[in-house]
Amino acid sequence: MVAEHIGPRRAARVRGSELAPTIPQNVQGSGMIRGREFGSAGLAIAVLALALSRLGRLVKAFRPVQVAASALLVFGMVWFLLRLRS
């Protein structure tokens, strides 16, 4: 057995490399062309970047810090009044 002749760390590494498939095998086994995979990943990143840039402009218009502070103040006042009543 391999683990008996080498140290435990190296044995775990050897067993792990035997169990885990390599990246080219995964790409070849998926049936997709590498260019298509990387192209679709690039397109997804571009769409996400565009959405986040638009979201940033929209969030600035709502002034989230002031809205959050007001919501916290109102929640605290309601909580205080409910505690006084009970």
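For every chain, the first residue of its written sequence is number 1, and the numbers climb from 1 along that sequence. At least 70 in pLDDT is required for a residue's local features to be given in this predicted model, at least 80 for side-chain atom pairs to be given and counted, and no such filter applies to totals for whole chains, interfaces and linings, which use all residues. With hydrogens and water set aside, each side-chain value is computed from the structure's full complement of heavy atoms.

### Focus on the overall build of the protein chain
Turning to step 1, where the next piece is worked out: When helices and strands are tallied, the protein chain shows 5 helices and 0 strands.
Turning to step 2, where the next piece is worked out: Think of it in three bands: with a 1.4 Å probe and only protein chains considered, a residue is buried below 20% of the maximum accessible area for its type, exposed above 50%, and partly exposed in between. When burial is assessed residue by residue, the protein chain has 2% of its 86 residues classed as buried. Numbering of helices and strands starts at the N terminus; helices are DSSP runs of H or I of at least 4 residues and strands are runs of E of at least 2.

### Quick word on the packing of aromatic side chains
Turning to step 1, where the next piece is worked out: Ring pairs are drawn from Phe, Tyr and Trp, using the six-membered ring of Trp, whenever the two centres fall within 6.5 Å, and their geometry is named by plane angle: stacked under 30 degrees, edge-to-face over 60, tilted for the rest. All told, the structure shown has 1 aromatic pair when counted by the stated rule.
Turning to step 2, where the next piece is worked out: Seen in terms of ring centroids, Phe75 and Trp79 are 6.1 Å apart; in terms of plane orientation they differ by 40 degrees. Their pairing is tilted. With a gap of 4 residues between them, Phe75 and Trp79 both fall in helix α5 (residues 64-85), about one helical turn apart.

### As for α5
Turning to step 1, where the next piece is worked out: For α5, spanning 22 residues, the distance from its first C-alpha to its last is 32 Å, which sits close to the expected 32 Å at 1.5 Å a residue.
Turning to step 2, where the next piece is worked out: Where burial is concerned, little of α5 is hidden: 0 out of the 22 residues are buried. Given a helix with a known number of residues, its expected span is that number minus one, times 1.5 Å.

### Side note on a nonpolar patch on the surface
Turning to step 1, where the next piece is worked out: Patches here: salt-bridge-free residues with over 30% relative accessible area, like charges joined within 9 Å, nonpolar side chains (Val, Leu, Ile, Met, Phe, Trp, Tyr) joined within 5 Å. Using a 1.4 Å probe, the Shrake-Rupley method yields the accessible areas, and only the shown protein chains count as cover for residues. When a carboxyl oxygen of Asp or Glu is within 4 Å of a side-chain nitrogen of Lys or Arg, the pair counts as a salt bridge. A surface patch of nonpolar side chains, amounting to about 590 Å² of accessible area, comprises Leu48, Leu52, Leu55, Leu58, Val59 and Phe62.
Turning to step 2, where the next piece is worked out: Inspection of the secondary structure assignment puts Leu55 in helix α4 (residues 34-62).

### Quick word on the confidence of the model for the protein chain
Turning to step 1, where the next piece is worked out: Each residue gets a pLDDT score, which is the predictor's confidence in that residue and runs from 0 to 100. The predicted model of the protein chain averages 75 in pLDDT, with 60% of residues at 70 or higher.
Turning to step 2, where the next piece is worked out: Element-level pLDDT for the protein chain is lowest in helix α1 (residues 2-5), with a mean of 52, against a maximum mean of 92 in α5.

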